[in-house]
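Observations on chain architecture
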Amino acid sequence: MASPEKWRPIETAPKDGTRFLACEFLLSPGRPVAHVFMCHYWAGDHQNAPQFMRYGAGSNPTHWTPLPAPPEGREK
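So, here is what we can say about the structure in this document. Predicted, not measured: the structure shown is a model, and the values here were computed from it.

**Considerations on the environment of Thr65**
Mapping Thr65 onto the fold places it in strand β6 (residues 63–66). By relative accessible area, which is 5% here, Thr65 ends up buried. Of note is the side chain of Thr65, whose polar atom sits 3.4 Å from the backbone oxygen of Lys6.

**Overview of the pairing of strand β3 (residues 31–42)**
Sheet topology places strand β2 (residues 20–28) next to β3; 9 bridges connect them, and they run antiparallel. Note on β3: the bridge partner recorded for Leu26 is Val33. Counted between consecutive antiparallel strands, the loop separating β2 from β3 contains 2 residues, among which Pro29 sits at a positive phi close to 25°. Note that β3 and strand β4 (residues 51–54) share 3 bridges and pair antiparallel. Note that in β4 the partner of Trp42 across the bridge is Gln51.

Cut-offs applied
- Sequence order as written defines residue numbering, which begins from 1 separately in each chain.
- With pLDDT at 70 or above as the cut-off, local features in this predicted model cover only qualifying residues; side-chain atom pairs require 80 or more to be listed or tallied, and sums for whole chains, interfaces and linings still use all residues.
- Values shown for side chains rest on all heavy atoms present in the structure; no hydrogens or waters enter the calculation.
- Helix numbers and strand numbers start at the N terminus; a helix is a DSSP run of H or I with at least 4 residues, a strand a run of E with at least 2.
- Buried, partly exposed and exposed residues are distinguished by accessible area as a fraction of the type maximum, computed with a 1.4 Å probe on protein chains only: under 20%, between the cut-offs, and over 50%, respectively.
- The definition of a polar contact used here is a pair of N or O atoms within 3.5 Å, where within protein one atom must be able to donate a hydrogen and the other to accept one, and adjacent residues in sequence count solely through side-chain atom pairs.
- One bridge is not enough; two strands pair if DSSP finds at least two bridges between them.

Spelled out as structure tokens, the structure:
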């Protein structure tokens, strides 16, 4: 089994549209909870500043890691 990638600071995330796993911490009744999601960097446009995007909305992740390789083809 391949070892998992380590989490990296978000400042080092790819900014070329590559999708990756991101993590941000949300407060859930008084304690931080890690929220992990697929994300990509969006360079912005004339109305919006550059930002990290998830599900079509901006987010504030603190860390990222590359997506794992997809599973191998399934047997018939």
